[in-house]
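Structural description and commentary
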Amino acid sequence: MDVPETRYAKTADGVYIAYQTVGNGPLDLVLVCYLLHIEHIWTWPVAASFLRRLATFSRLILFDRRGTGMSDHLIAKDQQLSIDAQMDDIRAVMDATGSERAVSLSIDQFSTASVFAATFPERTVALVGYGAAARTAWAPDYPWGATPESLAEQVAQAGVDWGSFDDTRTGAELIWPEALDDEDAIRDLAAFWRHAGAPGDALAWTKVNWATDVREILPAIRVPTAIVHRTGDPILPSQHATYLADHIAGAKLIELEGSHFWWKDDLADAIAAFVGQLQAEAAELDRVLATVLFTDIVNSTSTAAKLGDRGWRELLERHHAAVRGLLARYRGTEVNTAGDGFFATFDGPARAVRCALAIAEAVRPLGLEIRAGVHTGEVEQIDAKIGGMAVVLGARIGAMADASEVLASSTVKDLTAGSGLVFEDRGEHALKGVPDRWRLYRVVDKKGPV
């Protein structure tokens, strides 16, 4: 098979993403890989064989994520590698290839693929996670995660020896031990890493993944899901896989023998078998992951009394125009307007937070202050209306905010790692009509592209 032609898709924030399509199977399969170089990969026989196997039962869509391979490498990496941005990479490539729905295959990049599947079930036939984890870092309630000391060691080593023969051979002891006596195989693996990205690219991705936690969105994944794990994997303990399988409704856990290495026939066969069991057309789902934003004007009653009916109506019209203009800018969807408040939904939490900050700034010259609440969760779509506990939570969080303050849930904070947003802990709160106590955060900075 010849090397496929490389093309470019442009994301909403102006990043150019390199992509290829291979095969003409009955369904689309998008490969979401931690590191890749979509042209060099075809020169590596073991990887090329794996990809060709996938292309026998699908139209395989390959792409280099932003900051890797042949796609744009960004200057402000830490501000443009958020899950919002990564989902835009997938969507831009699917749009460019004319793919309405696809199986999402993640290799060591489950956070992006999982949030995309939960947010866009209408575009996701199924989700397959290999080398998958809900989070990378250790936590008291996630004790099998990696420690900060191991991250520091990884960062220090990568910056010095990234892609060298000796460092690659050391890495192969963990991920590909059967290749240790094959110098050509080690050179191929080293070349793969060097072509996929420079040390700075790898470090930027490592830090973003370290700060990302998708545990709270797992129940919102409502597409057929398979978690593939190798029983001898020394990098990812089996608890990572079993946690995902236990917390994603109907997820199938597939265990393979061996270490972490991914370009293997048994993995391709497992994916083919899982996809072969899927129905030709997935059922329409009415529950999706969304970010909700609630805003309302502070001291609206006293302001209306001062201005009178006509003056207040004119001020409200200017307020509404400003809010609607910013909703359009940040790709928000207005759901409802009740008096002086807005309820809107977004397909990414960072955009919702930045929109709230922009609204607070835009209405200040009008002599107004707003409060805002942002939450990401599963919403129900019934007869074109949006409801569910996530909506109630968003409204309650907004009601807790002070003047010109944007409050966010811990879910929003966890899903915006890498966006440049900065949060200040506001502690745990009881929210009216909502079980349990909820930790809230005040947005104190809006660094990053808007």
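Keep in mind that what you see is a predicted model, and the values were worked out from it rather than measured. Note on numbering: residues in each chain are counted from 1, in written sequence order. At least 70 in pLDDT is required for a residue's local features to be given in this predicted model, at least 80 for side-chain atom pairs to be given and counted, and no such filter applies to totals for whole chains, interfaces and linings, which use all residues. Excluding hydrogens and water, the side-chain values take into account all heavy atoms of the structure.

A few words on the overall build of the protein chain. Helix and strand counts for the protein chain stand at 13 helices and 16 strands. Relative to the globule expectation of 22 Å for 450 residues, the C-alpha radius of gyration of the protein chain, 23 Å, shows essentially globular dimensions. If you line up the protein chain on its principal axes, its C-alpha atoms span 85 × 45 × 40 Å. A separation threshold of at least 6 residues defines the contact pool for the protein chain, and within that pool the share at least 24 residues apart is 73%. Working note: accessible area of the protein chain is about 18800 Å², and carbon and sulfur atoms make up 50% of it. Counted as positive: Lys and Arg. Counted as negative: Asp and Glu, with His and the chain ends omitted from the count. Charged side chains are reduced to one point each, which is NZ for Lys, CZ for Arg, CG for Asp and CD for Glu. Considering the protein chain, the positive charge centre built from 43 side chains and the negative charge centre built from 61 side chains are found 8 Å apart. Starting at the N terminus, helices and strands are each numbered in turn, a helix being any DSSP run of H or I of at least four residues and a strand any DSSP run of E of at least two. We compute the radius of gyration from the C-alpha atoms alone; for a globule the expected value is 2.2 Å times N to the 0.38, where N is the number of residues. We call two residues in contact whenever any of their non-hydrogen atoms come within 4.5 Å of each other. Note that accessible areas follow from Shrake-Rupley with a 1.4 Å probe, and for residues the cover is restricted to the protein chains shown.

Along the chain, the position of Thr-112 falls in helix 3 (residues 110-119). Other than its neighbours up to four places away in sequence, Thr-112 contacts Arg-65, Gln-86, Met-87 and Ile-90.

A few words now on the nonpolar core. By nonpolar core we mean a set of buried residues, namely Ala, Val, Leu, Ile, Met, Phe, Trp, Tyr and Cys, connected to one another through side-chain atoms within 4.5 Å. Exposure categories follow from relative accessible area, calculated using a 1.4 Å probe and restricted to protein chains: below 20% of the type maximum is buried, above 50% is exposed, and the middle band is partly exposed. Ranked by internal contacts, the top residues of the largest apolar core, which has 61 residues, are Leu-51, Trp-263 and Ile-271. Looking at which element gives the most residues to this core, the answer is helix 9 (residues 265-277), with 7 residues. Those residues in contact with Leu-51 that sit more than four places away from it in its chain are Leu-31, Ile-41, Trp-42, Leu-60, Leu-62 and Trp-263. Tyr-19, Ala-134, Tyr-142 and Leu-244 belong to the second largest nonpolar core, which has 43 residues in total.

What counts as a salt bridge is simple: a side-chain nitrogen of Lys or Arg found within 4 Å of a carboxyl oxygen of Asp or Glu. For the structure shown, the criterion picks out 29 salt bridges. Its salt-bridge partner being Glu-314, residue Arg-310 comes within 3.4 Å of it at the nearest N-O pair. You can see Arg-310 and its partner Glu-314 sitting in helix 10 (residues 300-329), 4 residues apart, about one turn around the helix. Under the relative-accessibility criterion, Arg-310 is labelled exposed at 60%. Notably, a salt bridge pairs Arg-331 with Asp-347, separated by 4.0 Å at the nearest N-O pair. In this pair, Arg-331 sits in the loop between helix 10 and strand 10 (333-338) while Asp-347 sits in the loop between strand 11 (341-346) and helix 11 (349-363), placing the two residues 16 residues apart along the sequence.

Here the focus is the packing of aromatic side chains. Geometrically, a pair of aromatic rings is defined through the distance of the ring centres and the angle of the planes. Any Phe, Tyr or Trp ring, taking Trp's six-membered ring, that has another such ring centre within 6.5 Å forms a pair; planes under 30 degrees apart are called stacked, those over 60 apart edge-to-face, and the others tilted. Under the definition given, this model contains 16 aromatic pairs. Both rings, one in Trp-44 and one in Phe-192, keep their centres 5.3 Å apart while their planes meet at 40°; by these two values the pair is tilted. In this pair, Trp-44 sits in the loop between strand 3 (28-33) and helix 1 (45-54) while Phe-192 sits in helix 6 (residues 183-196), placing the two residues 148 residues apart along the sequence. Within the aromatic cluster, the residues linked to one another by ring pairs are Trp-44, Phe-50, Trp-176, Phe-192, Phe-261, Trp-262 and Trp-263. Arg-65 extends its terminal NZ or CZ atom over the ring of Trp-205, reaching a point 3.6 Å from the ring centre. For a lysine, the NZ atom is tested; for an arginine, the CZ atom; a charge sits over a ring if that atom is within 6 Å of the ring centre and within 35 degrees of the ring normal.

What follows is about the packing of helix 1 against helix 9. Angle between the axes and distance between the axes: these two values describe a pair of packed helices. Running from N to C, helix 1 and helix 9 cross one another at 15°; their axes reach a closest spacing of 9 Å. As far as their axial angle goes, helix 9 and helix 1 are roughly parallel. The handedness of the crossing between helix 1 and helix 9 comes out as right-handed. Two secondary-structure elements touch here, helix 1 through Ser-49, Phe-50, Arg-53 and Leu-54 and helix 9 through Asp-265, Leu-267, Ala-268, Asp-269, Ile-271 and Ala-272. For this classification, the nonpolar set comprises Ala, Val, Leu, Ile, Met, Phe, Trp, Tyr, Cys and Pro, the charged set comprises Asp, Glu, Lys and Arg, and every other residue, Gly included, is treated as polar. Residues that form the contact of helix 1 with helix 9 fall into these classes: 6 nonpolar, 1 polar and 3 charged. Helix axes are fitted to C-alpha atoms over the stretch in contact, other axes to C-alpha atoms as well, and angles between N-to-C directions run from 0 to 180 degrees. Throughout, the term roughly parallel applies to angles under 35 degrees, roughly antiparallel to angles over 145, roughly perpendicular to angles from 65 to 115, and oblique to all others. Crossing handedness follows the turn of the near helix against the far one: under a right angle anticlockwise gives a left-handed crossing, and clockwise gives a right-handed one.

In terms of residue burial, strand 2 (residues 16-22) counts as a mostly covered element, since 5 of its 7 residues are buried. Counted between consecutive antiparallel strands, the loop separating strand 1 (residues 7-10) from strand 2 contains 5 residues, among which Gly-14 sits at a positive phi close to 85°. Only strands that DSSP links by at least two bridges are regarded as paired with each other. Bridge count for strand 2 against strand 4 (residues 59-63) is 4 bridges, and the pairing is antiparallel. Bridging from a neighbouring strand, Gln-20 pairs with Leu-62 of strand 4.

With 12 residues, helix 12 (residues 389-400) ought to run about 16 Å at 1.5 Å a step, and its terminal C-alpha atoms sit 17 Å apart, in line with that. Within the sequence span of helix 12, burial applies to Ala-390, Val-391, Leu-393, Gly-394, Ile-397 and Gly-398. One face of helix 12 carries all of its buried residues, which in axial projection span an arc of 160°. Here, expected helix span is obtained from the residue count minus one, scaled by 1.5 Å. What the arc describes is the spread of directions from the helix axis to the C-beta atoms.

It is worth spelling out the side chain of Lys-264 at this point. Mapped onto the elements, Lys-264 comes out in the loop between strand 8 (252-256) and helix 9. Take Lys-264: its relative accessible area is 17%, and that puts it in the buried class. Not counting residues up to four positions away in its chain, the partners in contact with Lys-264 are Phe-50, Glu-178 and Arg-230.

Turning to unusual backbone geometry, a few remarks are in order. Positive phi, close to 60°, is recorded for Asp-108, a residue that is not glycine. For Asp-108, the location among the structural elements is in the loop between strand 5 (102-107) and helix 3. Even without a glycine there, the phi angle at Ser-404 is positive, about 60°. Residue placement: Ser-404 occurs in the loop between helix 12 and strand 14 (406-409).

If you trace the backbone, Glu-361 turns up in helix 11. Between the C-alpha atoms of Glu-361 and Phe-116, which are 245 residues apart in sequence, the distance is 30 Å.

Moving on, we come to the environment of Pro-349. Position of Pro-349 among the secondary structure elements: in helix 11. On the basis of relative accessibility, which here comes to 5%, the residue Pro-349 falls in the buried class. Expressed as a C-alpha distance, the spacing of Pro-349 and Met-87, which sit 262 residues apart in the sequence, is 12 Å. Those residues in contact with Pro-349 that lie beyond four places of it in its chain are Asp-84, Thr-291, Thr-376, Val-412, Leu-415 and Thr-416.

Attention now goes to the sheet that holds strand 4. Read across the open sheet, the 8 strands follow the order 1-2-4-3-5-6-7-8; overall the sheet is mixed. If you trace the sheet from one side to the other, it starts and ends with strand 1 and strand 8, each paired once. Along the sheet, successive strands turn relative to each other by an average axial angle of 25°, direction set aside. Looking at chain direction, strand 6 (residues 124-130) and strand 7 (residues 225-230) are connected through 4 bridges and run parallel. For Val-128, the partnering residue across the bridge sits in strand 7 and is Ala-226. Along the sheet, helix 8 (residues 238-247) contacts strand 7 and strand 8; its crossing angle with strand 7, the most-contacted strand, is approximately 165°. Lying over the sheet, helix 9 contacts strand 3, strand 5, strand 6, strand 7 and strand 8, oriented at roughly 155° with respect to strand 8.

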